Amino acid sequence: MIELREVSKTVMSGSEPLTILHPMSLEIPHGRFVAIVGPSGSGKSTLLGLIAGLDAPSSGEVLIDGVDITRLDEDALARLRGEKIGFVFQFFHLIPSLTAYENVAVPMEIAGAADARTRAEMLLEEVSLTGRAHHYPSQLSGGEQQRVALARALANDPSIVLADEPTGNLDSANGRHIMELLRKVHGSRGTTVVLVTHDAELAAMADARLVLRDGRVVENTLEHTLGLRPIDRLGVVPGGVEGRQGHGEQPEGPLVLSSSKKEPTR
Amino acid sequence: MMFVLRMAVRETRSSWRRLLFFFICIAIGVAAIVALRSVIQSVRGVFGAEAKSLIAADVLIGTSRDWTAEARQTIERRLSDAGGAERTETIETPTMVRPADRSRPVAKMAELRAVQKAFPLYGRVDLQGGQPYTHALVEGHGALVRPELLTSIGVSVGDQIAIGQATFTIRGLVTKEPGRGMGEFSLGPRVIIDYDDLSSTGLLGFGSRARRMILVKMPEERVESLVLTLREDFKEEFINTRSYRSTEDQVGRDFDRAENYLSLVGLIIVILGGIAVSSVTRVFILQKIRSIAVLKCVGARSGQIIAVYVLQVMTLGLAGSLLGVGMAQGAIAAIPLALGSSTSILAQAHYGVTWSAAVQGVGIGVLVSLLFSVVPLLQVRFIKPSLLLRDEATRRRSDWTSIGVLVAVSLALVTLTAWQASSLKVGVVVCSGFAGLAVILHFAGRGLITLVAPLASSRSFPLRHAVLHLSRPGNQTRVILLAVGLGAFFIVGVRSLQASLLSEFSIQVAADAPDMFLLDIQRGQADGMRAFLGGRPHGAGEFQLIPVLRARVVGVSGRETTLEGVDEVRQKGASLGREFTITYRDHLEANERVVEGAFWSGPSPDAEVSIERVIAERSRIHVGDTMRFDILGRSISPRVTSIRDVEWREARNGGFVFVFRPGALDQAPQTSVAPLKGPASPAERARFQHDLVERFPNVSVIDFHEVLETIRDVMSKVTLAITVVGGLVLLSGVLILIGAVAMTKFQRVYEAAVFKTLGANTRTISRMLLFEYGVLGSLAGLIGSLGAIVLTWGVSRYALEIPWRVFAGEHIAGVVLTAVLVASIGVASSLDVLRSKPLATLRAE
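Since the model is a prediction, treat every value here as computed from it, not as a measurement.

## Regarding the overall build of chain B
Link 1 in the chain: Per the secondary structure count, chain B includes 24 helices and 22 strands.
Link 2 in the chain: A burial count over chain B gives 44% of its 845 residues as buried.
Link 3 in the chain: For chain B, contacts bridging at least 24 residues in sequence account for 84% of all contacts bridging at least 6.

Below, the structure is given as structure tokens:
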């Protein structure tokens with residue numbers, strides 16, 4: 001559960017304060033696929049950054065599963081991100097000095113997971129990149145890099161995946177591929193997905209929509225869709241979420257993206 | 001922990017090439033430390049093993065006067081008390097040696113040593129060609145000489161040489177003898193003769209500078225007690241007693257000092273490497289900013305990320321240090337080759353890297369890498385993962401942790417230096433000196449960059465951009481200026497000092513001033529000498545006979561200082577304890593000026609003395625005080641009537657600390673010295689010396705031209721040594737330059753690509769690079785040269801007390817060569833920038 005209470009963000013633009021997000025409150029229940037849409041500069045990415053604890057709000061509280069992350073220090077935030085949040089960026093942000101496999105393994109290694117290697121290989125297989133595991137980011141295409149980034153986001157089996165314009169830097173075919181993967185993730189694992197996009201077609205794939213303009217929420221379909229299970233809307237059967245096993249068929253092929261649900265050892 | 005290890009390995013794998021040069025700097029410094037320490041330890045081992053042969057005895061009792069009957073009795077008694085001591089006597093004196101064949105008009109100052117049959121008690125005399133030494137070789141007017149004497153006076157083994165009034169046959173060549181230290185100052189080559197033949201030379205007459213020694217071999221356990229007893233017995237006399245242990249201790253201390261100070265040179269290079277590591281870490285972190293943000297985004301804590309980079313730096317530091325040990329091993333392996341067939345004590349050492357030196361070197365390399373990288377690595381804490389969402393600048397910040405770490409690092413560096421120098425004071429001085437120099441070079445660099453800043457609006461496109469590049473973000477300008485500037489400073493500084501000193505000596509010798517000094521002219525020879533020199537033989541010039549006596553201060557009773565007896569003078573007399581050469585006259589020399597009291601006119605039977613200002617101040621002796629002198633056993637107590645300032649540089653006619661009023665000393669036993677302008681040509685000088693010694697065999701001649709040659713020789717060796725050190729520093733600077741180019745290459749390749757798409761051709765870009773590095777090299781050369789000017793000024797004015805001169809040639813050459821070096825290396829290491837295709841680069845970006 002993601003909860004924002006009267007959260008705002010103001011930065012200094014030269015010597016003048018500039019409000020990027022006006023105070024807003026909202027709740028994103030567990031297992032939802034929410035698209036945040038709006039024109040450039042409307043505060044979409046800032047909102048996503050606040051949810052991930054990448055940035056601190058100027059006022060208000062951000063709660064992840066009931067924990068107010070604005071009270072956490074940098075190290076605690078890093079630990080929380082490692083455990084609960086996966087992030088996919090528009091510009092991929094892979095570490096250039098690491099291979100695809102290593103990029104995927106890093107979050108698990110940080111968390112001290114014992115099966116990092118197996119799981120990284122499995123995740124790469126699930127994004128159809130087994131053959132490219134030992135290539136460096138500079139040797140991969142944009143679509144491949146974003147798939148590596150998605151596999152990395154899923155490394156610690158987070159309950160929340162935040163994606164900041166994940167298709168913004170890709171051609172339409174690769175963009176579609178990434179969206180399919182995100183849908184599968186959401187569908188098969190019941191992961192909460194928050195997607196920032198300004199593409200209405202992509203936003204339509206989500207089960208709820210949050211429209212921002214000039215730092216204010218101008219439309220919020222979360223309330224209307226409340227109670228509607230994401231799987232019903234997307235028509236995808238959850239694969240690995242506890243308590244949802246057996247509700248329908250498993251998707252075939254590499255797009256399984258099942259959850260291992262193994263507790264990382266620390 | 002596994003994450004830290006794995007990431008460190010991965011990071012090292014991807015970036016070691018870029019960081020390589022900085023760690024080669026560490027390697028060079030470590031190599032210098034390890035090699036110097038190992039060599040000194042090896043040589044010291046030889047000295048330790050041969051401590052007794054250093055003085056050729058267990059105990060050495062020496063005096064510069066005749067043994068008195070009482071002294072001999074005391075020694076006899078003490079030796080028999082100590083039981084069963086074996087002993088032998090030697091006498092050493094400087095004298096002139098000439099070929100007995102009068103058709104060869106040449107004479108040379110030599111150091112004569114007359115030995116008895118039992119010599120040496122320890123060690124052995126080595127002769128050229130493996131001929132074994134026996135006393136029979138010198139018996140019956142035989143002589144063993146150093147090989148260099150043969151060439152200097154044109155004789156060979158089997159020939160006869162004249163020493164004083166006697167003739168000796170050369171029966172062998174000495175390559176090594178016990179009791180003659182390494183690098184000890186000598187007036188001339190060694191000549192060994194039989195003790196019993198010395199009297200026939202007539203050199204032991206009055207006023208001779210012979211040093212008589214009794215060498216004793218005795219049971220180990222009684223050595224120290226004998227030394228202490230004899231010192232007590234002779235505390236009021238001019239007899240010294242020392243054991244091989246005190247010599248060993250002294251040599252040990254000298255070695256310690258040499259080892260510690262020389263290692264500081266290596267440490268300075270390591271620290272220079274450390275500064276480069278610090279600078280490169282800062283740039284490295286700037287380049288890694290996104291990767292660090294990503295790591296934080298996926299859950300890594302700042303501490304973990306810092307640990308990754310610390311581990312990486314330490315791994316490279318360790319690799320660099322091990323490389324340094326390898327380099328030291330290589331350098332040391334070459335020593336036996338360099339020494340060739342030399343039979344000196346240096347050739348007896350078994351050279352190799354010692355464990356202690358290797359461990360110290362590696363420890364220092366790793367520690368310095370760590371210390372210098374910690375502060376820039378702390379910036380990792382301020383990198384925010386939010387920069388992945390929007391481009392935001394991460395500014396350099398300081399907080400209390402950074403300041404605390406900086407203080408801790410500084411203290412650690414002082415401790416490290418103090419440990420290397422084995423002195424906290426030296427540690428603090430060297431660190432502050434280095435920090436001061438770094439700050440000065442830093443500001444000089446900044447000042448010069450500001451000075452060339454107007455060129456940024458030059459009409460030349462390449463020059464404009466070259467200047468702009470010097471202050472671009474993440475530039476390495478200051479660290480290159482520091483490192484290359486420091487190297488240039490060392491080299492230009494030492495070369496200027498050498499030129500300055502040599503020209504000073506040349507002026508002194510070349511001027512129409514005395515350039516020869518005759519010693520030991522006996523009273524009875526004075527008239528003969530006047531007649532001889534008055535005839536201007538071989539074109540010799542003006543001369544002057546100055547009476548001299550050798551005296552020791554044995555007491556002072558004055559307002560501030562009261563010293564009773566030799567022992568007190570030795571202990572508290574602030575350099576009054578040595579033997580002085582004194583004179584008497586009724587006038588001041590041109591280089592003297594009375595600063596207190598009044599100089600006498602005319603003779604007086606009452607003893608009066610005039611003292612040189614510095615020693616008067618040091619010993620707190622004033623006008624009106626009374627001093628007591630022992631002049632060859634006779635006591636004289638003059639009143640101090642004046643204090644003189646002596647310009648020692650101008651002391652062509654000999655400078656004297658104590659000048660007496662004529663009258664009291666006129667009849668005392670004395671000799672004369674004669675400064676004179678010798679003949680001009682070397683052949684005439686040789687003939688003059690020969691004729692002089694032929695007529696006055698006991699008289700010694702010091703030829704300033706030969707002294708100048710010796711000084712020139714010693715100085716060129718010292719200069720070479722310091723130039724090698726400066727070269728190493730410069731090499732580190734060059735490596736830092738190459739490393740800096742490698743570090744910032746990505747940025748340059750991108751910029752070049754943009755310039756190329758905007759129409760710049762390869763020629764323009766090469767000119768841009770050439771200007772950039774040319775300006776950088778000129779600035780570094782200028783910094784070094786300015787530093788050298790300040791250094792030569794300080795050293796000339798305060799240490800050497802010679803006029804300060806600026807050698808424009810050295811400085812111009814320094815600046816030009818540094819500029820050319822930096823420009824060529826800068827451009828050569830940027831070839832990738834010129835070759836890269838713009839489209840590929842821009843796409844990759």
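## A few points about the overall build of chain A
Link 1 in the chain: From N to C terminus, chain A includes nine helices and 10 strands.
Link 2 in the chain: Nonlocal contacts in chain A, meaning residues at least 24 apart in sequence, comprise 69% of its contacts between residues at least 6 apart.

## A look at the nonpolar core
Link 1 in the chain: Counting residues in each nonpolar core, the largest one holds 206 residues, and the members touching the most others are Ile36(A), Cys25(B) and Ile736(B).
Link 2 in the chain: Ranked by residues supplied to this core, first place goes to helix 1 (residues 2-49) of chain B with 21 residues.
Link 3 in the chain: Split by domain, this core shows at least three residues from each of two domains, domain 1 (1-52 + 257-422) and domain 3 (423-513 + 704-845) of chain B.
Link 4 in the chain: Apart from residues lying up to four places away in sequence, Cys25(B) is in contact with Leu272(B), Gly273(B), Ala276(B), Ser732(B), Leu735(B) and Ile736(B).
Link 5 in the chain: Core analysis: the next-biggest nonpolar cluster, separate from the first, contains 74 residues, Leu144(B), Leu549(B), Val556(B) and Val657(B) among them.

## What about the packing of helix 3 (residues 100-111) of chain A against helix 5 (residues 142-153) of chain A?
All names here are of chain A.
Link 1 in the chain: Running from amino to carboxyl end, helix 3 crosses helix 5 at an angle of 25°, the nearest separation of the two axes being 8 Å. By the angle between their axes, helix 3 is roughly parallel relative to helix 5. Regarding helix 3 and helix 5, the two cross each other, and that crossing is right-handed. Where helix 3 approaches helix 5, its residues Ala100, Asn103, Val104 and Pro107 are matched on the opposing element by Val148, Ala151 and Arg152.
Link 2 in the chain: Of the residues belonging to the contact of helix 3 with helix 5, the class tally is five nonpolar, one polar and one charged.

## Re the sheet that holds strand 6 (residues 85-88) of chain A
All names here are of chain A.
Link 1 in the chain: The strand order across the open sheet formed by six strands is 6-7-8-3-9-10, and the pairing between neighbours is mixed. Every other strand in the sheet has two partners, leaving strand 6 and strand 10 (216-220) as the edge strands with one partner each. Ignoring which end each strand starts from, the neighbouring axes of this sheet average 20° apart.
Link 2 in the chain: Two strands pair when backbone bridges link them, and strand 3 (residues 33-37) and strand 8 (residues 192-197) are joined in this way by five bridges, in the parallel orientation.

## Considering the interface of chain A and chain B
Link 1 in the chain: With 25 residues of chain A at the interface, the matching set in chain B holds 25 residues.
Link 2 in the chain: The class makeup of the residues in the side of chain A that touches chain B is 10 nonpolar, six polar and nine charged.

## As for the environment of Val806(B)
Residue and element names in this part refer to chain B.
Link 1 in the chain: Tracing the sequence through the fold places Val806 in the loop between helix 21 (762-800) and helix 22 (808-828).
Link 2 in the chain: Distance from Val806 to Trp793, taken between C-alpha atoms, is 8.6 Å for residues 13 residues apart in sequence.
Link 3 in the chain: Discounting chain neighbours no more than four positions away, the residues touching Val806 are Ile789 and His811.

## What about the pairing of strand 6 (residues 160-163) of chain B?
Residues and elements named next belong to chain B.
Link 1 in the chain: Bridge analysis of strand 2 (residues 86-99) against strand 6 gives three bridges, and the strand direction is antiparallel. Bridge assignment links Val97 to a residue of strand 6, and that residue is Ile163.
Link 2 in the chain: Bridge count for strand 6 against strand 7 (residues 166-176) is four bridges, and the pairing is antiparallel. The residue of strand 7 that forms the bridge with Ile163 is Ala166.

## Looking at unusual backbone geometry
Link 1 in the chain: In this model, Phe119(B) is joined to Pro120(B) through a cis peptide bond whose omega is -5°.
Link 2 in the chain: Along the chain, Pro120(B) turns up in the loop between strand 3 (108-115) and strand 4 (126-127).
Link 3 in the chain: Of note, the phi angle at Asp214(A) is positive, near 50°, even though the residue is not glycine.
Link 4 in the chain: Among the residues examined, Asp214(A) registers 14 C-beta atoms within 10 Å and is labelled partly exposed.

## Some words on helix 3 (residues 69-82) of chain B
Residues and elements named next belong to chain B.
Link 1 in the chain: The end-to-end C-alpha separation of helix 3 is 20 Å, in line with the 20 Å expected for 14 residues at 1.5 Å each.
Link 2 in the chain: Within helix 3 the residues assigned to the buried category are Ala71, Ile75 and Leu79. The arc that holds every buried residue of helix 3, seen down its axis, measures 60°, which confines them to one face. Looking at helix 3, the residues exposed on the side facing more than 90 degrees away from the buried face are Ala69, Glu70, Gln73, Glu76, Arg77, Ser80 and Asp81.
Link 3 in the chain: Against the buried residues of helix 3 lie strand 1 (59-63), strand 2, strand 9 (211-217) and strand 10 (239-243).

## Focus: the sheet that holds strand 2 (residues 16-28) of chain A
Residue and element names in this part refer to chain A.
Link 1 in the chain: What the four strands build is an open sheet, ordered 2-1-4-5; its pairing is antiparallel. A single partner strand is all that each edge strand has here, and the edge strands are strand 2 and strand 5 (67-68).
Link 2 in the chain: Most of the contacts of helix 1 (residues 44-52) go to strand 1 (residues 2-13), to which it runs at about 120°, and overall it touches strand 1, strand 2 and strand 4 (59-64).

## Topic: the environment of Ala483(B)
Residue and element names in this part refer to chain B.
Link 1 in the chain: Along the chain, Ala483 falls in helix 14 (residues 477-510).
Link 2 in the chain: On the basis of neighbour count, Ala483 is assigned to the buried category, with 30 C-beta atoms found within 10 Å.
Link 3 in the chain: Sequence-wise, Ala483 and Ile269 are 214 residues apart; in three dimensions their C-alpha atoms are separated by 9.3 Å.
Link 4 in the chain: Discounting residues that sit within four places of it in the chain, Ala483 has contacts with Leu272, Ala276, Ser732, Gly733 and Ile736.

## Considerations on helix 1 of chain A
Residue and element names in this part refer to chain A.
Link 1 in the chain: Most of helix 1 sits inside the fold, with nine of its nine residues counted as buried.
Link 2 in the chain: Of the positions making up helix 1, those classed as buried are Lys44, Ser45, Thr46, Leu47, Leu48, Gly49, Leu50, Ile51 and Ala52.
Link 3 in the chain: Of the residues flanking the end of helix 1, it is Gly53, one or two places downstream, whose phi is positive at about 75°.

## Thoughts on the packing of helix 10 (residues 355-377) of chain B against helix 11 (residues 400-421) of chain B
All names here are of chain B.
Link 1 in the chain: Look at helix 10 against helix 11: their axes get within 9 Å of each other, and the N-to-C directions meet at 160°. Judged on the interaxial angle alone, helix 11 and helix 10 are roughly antiparallel. In this structure, helix 10 crosses over helix 11, and the sense of that crossing is left-handed. Facing Ile364, Leu367, Leu371, Val374 and Val375 of helix 10, the residues of helix 11 in contact are Ser402, Val405, Leu406, Val409, Ala412, Leu413 and Leu416.
Link 2 in the chain: Residue classes in the contact of helix 10 with helix 11 are distributed as 11 nonpolar, one polar and no charged.

## Some points on the environment of Thr99(A)
Link 1 in the chain: Mapping Thr99(A) onto the fold places it in the loop between strand 6 and helix 3.
Link 2 in the chain: Considered as a pair, Thr99(A) and Arg132(A) are 33 residues apart in the sequence and their alpha carbons are 8.8 Å apart.

## Quick look at the confidence of the model for chain B
All names here are of chain B.
Link 1 in the chain: For chain B, per-residue confidence averages 82 on the pLDDT scale, and 91% of positions sit at 70 or higher.
Link 2 in the chain: For chain B, per-element mean pLDDT is lowest for helix 24 (residues 838-844), which scores 65, and highest for strand 5 (residues 142-145), which scores 94.
Link 3 in the chain: Note on the complex model: pTM 0.68, ipTM 0.78.

## Concerning the pairing of strand 17 (residues 626-631) of chain B
Regular strands place their side chains on alternate faces of the sheet.
Residues and elements named next belong to chain B.
Link 1 in the chain: Note: strand 12 (residues 546-557) against strand 17, six bridges, orientation antiparallel. Within strand 17, the residue paired with Gly555 across the bridge is Arg628.
Link 2 in the chain: Examined bridge by bridge, strand 17 and strand 18 (residues 634-636) share three bridges and lie antiparallel to one another. Each residue of the ladder has a partner; that of Asp630, found in strand 18, is Ser635.
Link 3 in the chain: Taking the residues between adjacent antiparallel strands as the criterion, strand 17 and strand 18 are bridged by two residues, where Leu632 takes a positive phi near 50°.

Thresholds, definitions, all that
- Residues numbered from 1 in each chain as written.
- Chains lettered and ligands numbered in written order.
- Predicted model: local features only at pLDDT ≥ 70, side-chain atom pairs only at ≥ 80, totals over all residues.
- Helix = DSSP H or I, 4+ residues; strand = E, 2+ residues; numbered from the N terminus.
- Buried ≥ 20, exposed ≤ 12 C-beta atoms within 10 Å, placed from the backbone.
- Contact = placed C-beta atoms within 7 Å.
- Core = buried A, V, L, I, M, F, W, Y, C linked by C-beta atoms within 7 Å.
- Domains from an automatic or database assignment.
- Axes fitted to C-alpha atoms, helices over the stretch in contact; angles between N-to-C directions.
- Parallel < 35°, antiparallel > 145°, perpendicular 65-115°, else oblique.
- Left-handed = near helix turned anticlockwise from the far one by under 90°.
- Nonpolar A, V, L, I, M, F, W, Y, C, P; charged D, E, K, R; others polar.
- Pairing = 2+ DSSP bridges.
- Expected span 1.5 Å × (residues − 1).
- Arc of directions from axis to C-beta.
- pLDDT = per-residue confidence, 0-100.

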